Amino acid sequence: MNYLKEINEHFSRENIVKHTTSYILYYQVTLGNLVFETIQDMEETKNKLQQLNLVIDPNDVVGIQFMLFIDNINNIKSQEDFDELIKQSAITRSLNDFVQNDQELLNKDRYLKQKGELISKNLLFNSNMKMQFLTEYPILHKQYNNIIDDDYAKKVQDIIISHFS
């Protein structure tokens, strides 16, 4: 396998922007849905999300992308495979963060197991969540496209390449 080619492809500026946008949005949409599902009230959901204050640093997301790439390098056959890893990772992290941080959630182990099974079957992220994702994606993508530059992408690539040296 040509690791240099794979690194340059998966960690091009465009793909870093795309995956950072996707990861953060999958995380946020899933979190909002999980909170709403347990509360069933839009205003209380907003309050709970503010109270939980669960945010992800974009630099952390790039680190997550790196770890997903390293851990799955032999299983990634296409860009779509990597996109799916990003999605599953973000959804799983959102679930875990929600369960760990919501002090009012009852039967946490059961809830985590039930939702985890839906994630493993690719059923948790439903059509309403997909629509919200697609609606918000261009806005967030534009934001990260303005922040992440070629120099940043080059530094990320260099760090990853040094891992293989």
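Below or above, wherever it landed, is the structure these notes cover.

Conventions adopted
- Residues numbered from 1 in each chain as written.
- Predicted model: local features only at pLDDT ≥ 70, side-chain atom pairs only at ≥ 80, totals over all residues.
- Heavy atoms only, no water.
- Core = buried A, V, L, I, M, F, W, Y, C linked by side-chain atoms within 4.5 Å.
- Buried < 20%, exposed > 50% of the residue type's maximum accessible area, 1.4 Å probe, protein only.
- Helix = DSSP H or I, 4+ residues; strand = E, 2+ residues; numbered from the N terminus.
- Contact = heavy atoms within 4.5 Å.
- Salt bridge = Lys/Arg side-chain N within 4 Å of Asp/Glu carboxyl O.
- 1 Å grid on protein atoms, 1.4 Å probe; cavity = no way out; pocket = protein on both sides within 12 Å on 5 of 7 lines; lining within 4 Å.
- Points joined across faces, edges and corners; volume = space filled by probe spheres on them.
- Nonpolar A, V, L, I, M, F, W, Y, C, P; charged D, E, K, R; others polar.

### Focus on the nonpolar core
The biggest cluster of nonpolar side chains holds 45 residues, and the ones touching the most others in it are Phe11 and Phe98. Taken together, the elements giving at least two residues each to this core come down to helix H2 (13-39), helix H4 (58-72), helix H5 (79-101), helix H6 (108-120), helix H7 (127-147) and helix H8 (150-163). Those residues in contact with phenylalanine 98 that lie beyond four places of it in its chain are Leu31, Leu34, Val35, Thr38, Leu52, Leu54, Leu105 and Tyr111.

### Considering the pattern of salt bridges
One pass over the full model with this rule turns up 8 salt bridges. With its nearest N and O atoms 3.3 Å apart, the salt bridge here joins aspartate 151 to lysine 155. Pair noted here: aspartate 151 and lysine 155 are both in helix H8, with a separation of 4 residues, about one helical turn. On the basis of relative accessibility, which here comes to 48%, the residue lysine 155 falls in the partly exposed class. Linked through salt bridges whose partners overlap, the residues forming this network are Lys48, Asp102 and Glu104.

### Examining the layout of surface pockets
Here the largest pocket is characterised by a volume of approximately 310 Å³. For the largest pocket, the lining is made up of 13 residues, of which Gly32, Asn33, Phe36, Met42 and Gln132 are closest to its centre. For the lining of the largest pocket, the elements supplying multiple residues, two or more each, are H2, helix H3 (42-52) and H7. Counting residues per element, the lining of the largest pocket draws most heavily on H2, at 5 residues. Tallied by class, the residues present in the lining of the largest pocket amount to 5 nonpolar, 6 polar and 2 charged. When its volume is computed, the second largest pocket comes out at roughly 170 Å³. Lining the second largest pocket, in full, are Tyr27, Gln28, Leu31, Gly32, Leu49, Asn53, Leu54 and Val55. Top element by residues in the lining of the second largest pocket is H2. It accounts for 4 residues. Residues that form the lining of the second largest pocket fall into these classes: 5 nonpolar, 3 polar and no charged.

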